Amino acid sequence: ELKVEQNPLFLSMQEGKNYTIYCNYSTTSDRLYWYRQDPGKSLESLFVLLSNGAVKQEGRLMASLDTKARLSTLHITAAVHDLSATYFCAVVPSSGTYKYIFGTGTRLKVLA
Amino acid sequence: DAGVIQSPRHEVTEMGQEVTLRCKPISGHNSLFWYRQTMMRGLELLIYFNNNVPIDDSGMPEDRFSAKMPNASFSTLKIQPSEPRDSAVYFCASIPIPTYEAFFGQGTRLTVV
């Protein structure tokens, strides 16, 4: 069974600081996605990573994928309060089932 | 495109009643997924369809849950009879090939009392 784990589950950080969220998965995959969810809202796509070594950046967020290590990271640079949200990674296995499995989520709170 | 449309946005029902949640995916997308989100269990995949065909319903918790996709523009998730533990936010997601980037609806918040 495919498992997708994120850590940390909760993250409280000061504005201006850097931090990294990790996403580990248990099966072969070369498709990984990051989503953001604000409280009471739906999920919004942030990044689509479709190959080993893929790196995407948008503002203060940068995502990368290492398919050999089965690891993706979401790096936050100089955090601001507006980044407070829950971040999810999601994986589609290479087995062809197209089963889209989400990680546990990381709840980020950026303190002013 | 208006995006993925779910209805109703909120539903409060009594235990034992039938509940039907609806989803209209984005035109041209090949796959549709139903998820349930709770604080305790996170985002759970219930069932997904490719080209209107159910592919994997192993996440459907019990026989009380059923889902259909009669055509490319409409899907339903039905709970009969509903129970308080079914209270959650139910999302559908519309997914195109080949990027497989998920586009979520606004969700239906279900409360069973």
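Everything here concerns the structure above.
Residues numbered from 1 in each chain as written. Chains lettered and ligands numbered in written order. Predicted model: local features only at pLDDT ≥ 70, side-chain atom pairs only at ≥ 80, totals over all residues. Heavy atoms only, no water.

1. Describing the interface of chain A and chain B
Which entries qualify depends on this criterion: Residues are treated as being in contact if the distance between any of their heavy atoms lies within 4.5 Å. Once two parts are joined, some of their accessible surface, as seen by a 1.4 Å probe, is lost; buried area is that loss totalled over both. Think of a salt bridge as a Lys or Arg side-chain nitrogen and an Asp or Glu carboxyl oxygen that are within 4 Å of each other. Nitrogen and oxygen atoms within 3.5 Å of one another constitute a polar contact, given that in protein one can donate a hydrogen and the other can accept it, and given that sequence-neighbouring residues count only through two side-chain atoms.
Across the contact, 19 residues belong to chain A and 20 residues belong to chain B. Of the roughly 1600 Å² buried at the junction of chain A and chain B (both faces included), carbon and sulfur atoms supply 57%. Counting the contacts that link chain A with chain B gives 1 salt bridge. Scanning the region where chain A abuts chain B turns up 13 residue pairs in polar contact (both at pLDDT 80 or more).

2. What about the sheet that holds strand β8 (residues 74-79) of chain B?
All names here are of chain B. The condition is simple: Strand pairing is assigned whenever DSSP detects at least two bridges linking the two strands. A run of H or I in DSSP counts as a helix once it spans at least four residues, and a run of E counts as a strand once it spans at least two, with each numbered from the N terminus. Here an angle of 0 to 180 degrees is reported between the N-to-C directions of two axes, which are lines fitted to C-alpha atoms, with helices fitted over the stretch in contact.
Read from one edge of the open sheet, 4 strands run β1-β3-β8-β7, paired in antiparallel fashion. Whereas interior strands pair on both sides, the edge strands pair on one side only; in this sheet they are β1 (5-7) and β7 (65-71). Within the sheet, the average angular offset between the axes of one strand and its neighbour, ignoring direction, is 15°. Pairing of β7 with β8, which is carried by 5 bridges, proceeds in the antiparallel orientation. From the neighbouring strand, S66 faces β8, where its bridge partner is K78.

Note that every value here comes from positions in space, so none of it alone points to a role or purpose.
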